[in-house]
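Each chain is listed here by its residues.
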Amino acid sequence: MSTIIEMKEVNKWFGDFQVLKDINLDVQEKQKIVVCGPSGSGKSTLIRCINRLEEHQKGKIVVDGNELSEKTKDIEKIRAEVGMVFQQFNLFPHLSILDNCTLAPIWVKKTPKKQAEELAMKQLEQVQISDQALKFPGQLSGGQQQRAALARALCMEPKIMLFDEPTSALDPEMIKEVLDAMVNLAKGGMTMIVVTHEMGFAKEVADEVVFMDEGMIVERAKTKEFFANPKNERTKLFLSQIL
Amino acid sequence: MIKNLSLLKPNRESLHVYVSLGAAFFILGIADVTFNIFEFFPIWISFFIPLVLCFYGLHLIRIEFSGIKILDILNKNINSNWFNAILSIFAIFLLIKSIPPILDWLFFDATFIGSKKEDCTGDGACWVFINVWFERLMYGLYPINEIWRINAAFIGLILIVGLAFFVSAKIKNYVLIFLIFVYPFIMISLISGGNFGLEWVETNAWGGLALTFIISIFALTFCFPVGLFLALGRRSSYPVIKYASIGFIEFWRGVPLITVLFMASVMFPMFLPEDTYMDKLVRVIIAITLFESAYMAEVVRGGLQALPRGQYDAGKSLGMGYWRMHLLIIMPQALKLVIPGIANTFLALVKDTPLILVVGLLELIGMIDMAKTNPKWLGFAAEGYVFAGFVFWIICYAMSRYSISLERKYKTDR
Ligand SMILES: Nc1ncnc2c1ncn2[C@@H]1O[C@H](COP(=O)(O)OP(=O)(O)O)[C@@H](O)[C@H]1O
Ligand SMILES: [Mg+2]
């Protein structure tokens, strides 16, 4: 296996406030990593640095062999390889679900329209909302919207998938349908970094769990190890609160 | 039955008696307003008689849940209590008093047929004035023999716009591109002439409603894209672009249009190199375009501001660059949000065109000014301005309806 994401001594500030402190994280191909930690600990910022939705100020981030910095040309090319699913879905409300899914393939990857639509239908099938393809996002439930957002990201056939609390904005009864879709994706062999508080999901699919607090990676361990005997006091406290 | 009949407290049992009685009083009141039946009373009584009659009439028919549909609707909307009843009565009186004279002036006492001032003998409007001057009002001082060129240009425009509505989506794009990037120039060369064996007509001779349209069409077409770029520029992360945009927008928003037009016509040529010449109409169109594009920019920026950051995140995460993201995701949503604002700006632009009067270009209102000061036709300002108001209203109302239909068409969030 080869390293697909490498973060070395990554630091980031918002003004005077340091969000990320000396982050070291490497992810192997096909690895599934769950990131957890209290709110405001910098989890979102961390994964948003991986596709450069946020810019880090110090340190080094390498994604699939490309270093991310101001000098990076074609950041769009790297982003096209890294899919992302957001807490708030962020579907494009002016386009139908199908158009949401075909927009980037057609305009970024220059896939012929017909082919893009076939792929989109396949992905929508996978997340079981192919019957909603012609509706607009506003007409779907939260769970359906999030699955559509997942399908949209997958239509770009990314190498890496980032998830930022994909179920946090959902009503409890819809969480499972989204998690199921993610489990399926994991079984298919995708490289995944998932920020979530769904520990059941972590136990089921994660290879490793990363615990963050106050901008630092406090603990990183194999999933079983992480839950069975966490080393750090803060991890223990966090787990006792969340489990 | 009679016992139940109280004159102050209408009730449901004797519904029909009350309603008939109330209607009678009301109609009597209205009749008095219209025909002054009770004139023989002293003025201070006769003045209040219709009011009292109508008020009492409305009081008698104010019966809740009467079961008569029309009566219930009436009571609910214009007669729910004594105060509303009085307001309704005043409104009705006002209409009765004002509408007939207006109609008389506009139509019944107006003169439509004739060819000179003396033909207008009635008390009403003299539409002969509009009739005689019609060609001038429409085409300005454009040579009469060449008017077909203006007609052809506009008929062509209408045909192409019509075509765009009927062809399939794919061809429609080509039609629109032709309409926006090619047709305006065909139109201008047709109207100005000077080639293809067409006689050259100076822009000074252009005028009337045709000029209103020409200026509006060009300024609208140009101010829209300029406004978009300014709006994006104002939100740019490059300081140079950002502050240049802010400066530009604030400058044009800060000066009155009349000043801008003056500068375009009088001062601007002084800054041009000796032997270059730019047509006055072109300068004016550029001035109006820049002026309105500043407003357009702020309208569009309002829409951009309203979009959540997540839309940008999603676009970027799918590998879209700045332009692709704005073209496909951001602008369609932002523009959809601000259709009413865009319509507002467009309407304002159309209604601002008469100001070109100050630099000696005479569109519809300018031509009316000219016609009304013609020694043979003194004293018809009212007819002229009413006509101009009507024409502008038609144009603006059509635009307003179109913007509403666009809003409906693009409404996807329910
Ligand atoms: N754009 C921003 N500007 C300033 N501060 C921010 C910004 N985004 C996040 N922060 C701050 O950075 C910290 C970490 O945020 P975030 O990464 O969203 O945490 P998490 O996802 O773990 O809840 C928080 O204190 C938050 O207030
Ligand atoms: Mg977060």
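Residues numbered from 1 in each chain as written. Chains lettered and ligands numbered in written order. Predicted model: local features only at pLDDT ≥ 70, side-chain atom pairs only at ≥ 80, totals over all residues. Heavy atoms only, no water.

Here we look at the overall build of chain A
Phase 1: A count of helices and strands for chain A gives nine helices and ten strands.
Phase 2: Here chain A has a C-alpha radius of gyration of 18 Å; the compact-globule value for 243 residues is 18 Å, and the two agree.
Phase 3: With the C-alpha coordinates of chain A rotated into their principal frame, the extents come out at 50 × 45 × 35 Å.
Phase 4: When burial is assessed residue by residue, chain A has 56% of its 243 residues classed as buried.
Phase 5: Working note: accessible area of chain A is about 10900 Å², and carbon and sulfur atoms make up 48% of it. (Helix = DSSP H or I, 4+ residues; strand = E, 2+ residues; numbered from the N terminus. Rg over C-alpha atoms; globule rule 2.2 N^0.38 Å. Buried < 20%, exposed > 50% of the residue type's maximum accessible area, 1.4 Å probe, protein only. Areas by Shrake-Rupley, 256 points an atom, 1.4 Å probe, with all protein chains shown as cover.)

Quick word on the site of ligand 1
All names here are of chain A.
Phase 1: Surveying the vicinity of ligand 1 reveals the residues Phe14, Phe17, Val19, Pro38, Ser39, Gly40, Ser41, Gly42, Lys43, Ser44 and Thr45.
Phase 2: In this structure, an oxygen atom belonging to ligand 1 sits 3.2 Å away from a main-chain N or O atom of Ser41.
Phase 3: Summarising the interface, the protein chains cover 61% of the accessible area of ligand 1, which totals 560 Å² for the free molecule.
Phase 4: Of all the secondary-structure elements, those providing two or more residues to the shell around ligand 1 are strand 2 (17-28) and helix 1 (43-50).
Phase 5: When residues of the shell around ligand 1 are assigned to their parent elements, the largest contribution, three residues, is made by helix 1.
Phase 6: Residues that form the shell around ligand 1 fall into these classes: four nonpolar, six polar and one charged. (Near = heavy atom within 4 Å. Polar contact = N/O pair within 3.5 Å; in protein donor to acceptor, adjacent residues only side chain to side chain. Nonpolar A, V, L, I, M, F, W, Y, C, P; charged D, E, K, R; others polar.)

Examining the packing of aromatic side chains
All names here are of chain B.
Phase 1: Overall, the coordinates contain 23 aromatic pairs over all chains when judged by the stated rule.
Phase 2: Plain terms: the ring middles of Phe251 and Trp252 are 5.2 Å apart, the flat faces sit at 85° to each other, and that makes the pair edge-to-face.
Phase 3: Relative accessible area serves as the criterion here: at 43%, Phe251 is assigned to the partly exposed category.
Phase 4: For the ring pair Trp393 and Tyr397, a centre distance of 4.8 Å and an interplane angle of 10° mean the geometry is stacked. In this pair, Trp393 and Tyr397 both sit in helix 17 (residues 381-409), four residues apart, roughly one turn of the helix.
Phase 5: With relative accessibility at 39%, the residue Tyr397 sits in the partly exposed group.
Phase 6: Within the aromatic cluster, the residues linked to one another by ring pairs are Phe38, Phe40 and Phe41. (Phe/Tyr/Trp six-rings, centres within 6.5 Å; stacked < 30°, edge-to-face > 60°.)

Some details on the packing of helix 6 (residues 128-139) of chain B against helix 9 (residues 208-234) of chain B
All names here are of chain B.
Phase 1: For the pair helix 6 and helix 9, interaxial distance at closest approach is 2 Å and the crossing angle is 20°. As judged from the angle between their axes, helix 6 and helix 9 are roughly parallel. On helix 9, the residues that touch Arg136, Leu137, Met138 and Tyr139 of helix 6 are Gly208, Leu209 and Ala210.
Phase 2: Looking at side-chain class alone, the contact of helix 6 with helix 9 contains five nonpolar, one polar and one charged residues. (Axes fitted to C-alpha atoms, helices over the stretch in contact; angles between N-to-C directions. Parallel < 35°, antiparallel > 145°, perpendicular 65-115°, else oblique. Contact = heavy atoms within 4.5 Å.)

Concerning the domain arrangement of chain B
Phase 1: Looking at the assigned domains, one finds that chain B contains domain 1 (2-103) and domain 2 (128-142 + 201-409).
Phase 2: Here the C-alpha centroids of domain 1 of chain B and domain 2 of chain B sit 50 Å apart. (Domains from an automatic or database assignment.)

Some points on the sheet that holds strand 4 (residues 58-63) of chain A
All names here are of chain A.
Phase 1: Strand order in the open sheet made by the four strands is 2-1-4-5, with antiparallel pairing throughout. Of all the strands in the sheet, the pair left with one neighbour each is strand 2 and strand 5 (66-67).
Phase 2: Bridge count between strand 1 (residues 3-14) and strand 4: five bridges; the pairing is antiparallel. The residue bridging Ile5 from the neighbouring strand is Val63, located in strand 4. (Pairing = 2+ DSSP bridges.)

Focus on the interface of chain A and chain B
Phase 1: Contacts between the two partners involve 26 residues from chain A and, on the opposite side, 20 residues from chain B.
Phase 2: Buried surface at the junction of chain A and chain B, summed over both partners, amounts to about 2100 Å²; 61% is from carbon and sulfur atoms.
Phase 3: The largest contributions to the chain A side of the interface with chain B come from Phe92(A), His94(A) and Trp107(A), which together make up 25% of the buried area.
Phase 4: Connecting chain A to chain B are two salt bridges.
Phase 5: Counting the contacts that link chain A with chain B gives five residue pairs in polar contact (both at pLDDT 80 or more).
Phase 6: Elements represented by at least two residues in the side of chain A that touches chain B include exactly helix 2 (75-81), strand 6 (82-85), helix 3 (97-107) and helix 5 (142-154) of chain A.
Phase 7: In terms of residue class, the side of chain A that touches chain B is built from 15 nonpolar, five polar and six charged. (Buried area = accessible area lost by both parts, 1.4 Å probe. Salt bridge = Lys/Arg side-chain N within 4 Å of Asp/Glu carboxyl O.)

Quick look at the pairing of strand 9 (residues 208-213) of chain A
Residues and elements named next belong to chain A.
Phase 1: Within strand 9, six of the six residues are buried, leaving the element largely enclosed by the surrounding structure.
Phase 2: For strand 3 (residues 32-36) and strand 9, the ladder comprises four bridges, and the chain directions are parallel. Within the sheet, the bridge partner assigned to Val34 lies in strand 9 and is Val209.
Phase 3: Sheet topology note: the strand 9/strand 10 (residues 216-222) ladder contains six bridges and is antiparallel. Its bridge partner being in strand 10, Val210 is matched across the sheet by Arg220.
Phase 4: Hairpin connection of strand 9 to strand 10: two residues between the antiparallel strands, including Glu214 at a positive phi of 50°.

Here's the deal with the environment of Arg12(B)
Phase 1: As for its position among the elements, Arg12(B) is in the segment before helix 1 (15-35).
Phase 2: Excluding its chain neighbours within four sequence positions, the residues that come into contact with Arg12(B) are Ile63(B), Glu64(B) and Phe65(B).

Focus on the environment of Ile188(B)
Residues and elements named next belong to chain B.
Phase 1: With respect to the secondary-structure elements, Ile188 resides in helix 8 (residues 169-192).
Phase 2: Residues Ile188 and Val175, 13 residues apart in the sequence, show an inter-C-alpha distance of 18 Å.
Phase 3: Setting aside chain neighbours within four positions, we find Ile188 in contact with Gly193, Trp206, Ile214 and Phe218.

Regarding the state of the cysteines
Phase 1: According to the stated counting rule, one finds one disulfide over all chains in the structure shown.
Phase 2: The structure places no disulfide on Cys223(B), whose sulfur is separated from the nearest cysteine sulfur, that of Cys396(B), by 14 Å. (Disulfide = S-S within 2.5 Å.)

Side note on the sheet that holds strand 6 of chain A
Residues and elements named next belong to chain A.
Phase 1: With respect to topology, six strands assemble into an open sheet ordered 6-7-8-3-9-10, the strand pairing being mixed. Of all the strands in the sheet, just strand 6 and strand 10 have a single pairing partner and so form its edges. Between one strand axis and the next, the sheet turns by 15° as a mean value, whatever way the strands run.
Phase 2: Most of the contacts of helix 6 (residues 172-187) go to strand 8 (residues 191-195), to which it runs at about 150°, and overall it touches strand 3, strand 7 (160-164) and strand 8.

A look at the pattern of salt bridges
All names here are of chain B.
Phase 1: Under the criterion given, the structure shown has 26 salt bridges over all chains.
Phase 2: Here Lys116 and Asp119 are joined by a salt bridge, their closest N and O atoms 3.6 Å apart.
Phase 3: On the basis of relative accessible area, Lys116 is assigned to the partly exposed category, the value being 43%.
Phase 4: Residues joined in a network through salt bridges with shared partners are Arg234, Glu250, Arg253, Glu298 and Arg301.

Structural notes on the nonpolar core
Phase 1: Counting residues in each nonpolar core, the largest one holds 131 residues, and the members touching the most others are Met7(A), Leu137(B), Ile288(B), Leu304(B), Ile356(B) and Leu364(B).
Phase 2: No other element matches the 13 residues that helix 9 of chain B contributes to this core.
Phase 3: Leu364(B) has contacts with Leu137(B), Gly208(B), Leu209(B), Thr212(B), Phe387(B), Ala388(B), Val391(B) and Phe392(B), leaving out every residue within four places of it along the chain. (Core = buried A, V, L, I, M, F, W, Y, C linked by side-chain atoms within 4.5 Å.)

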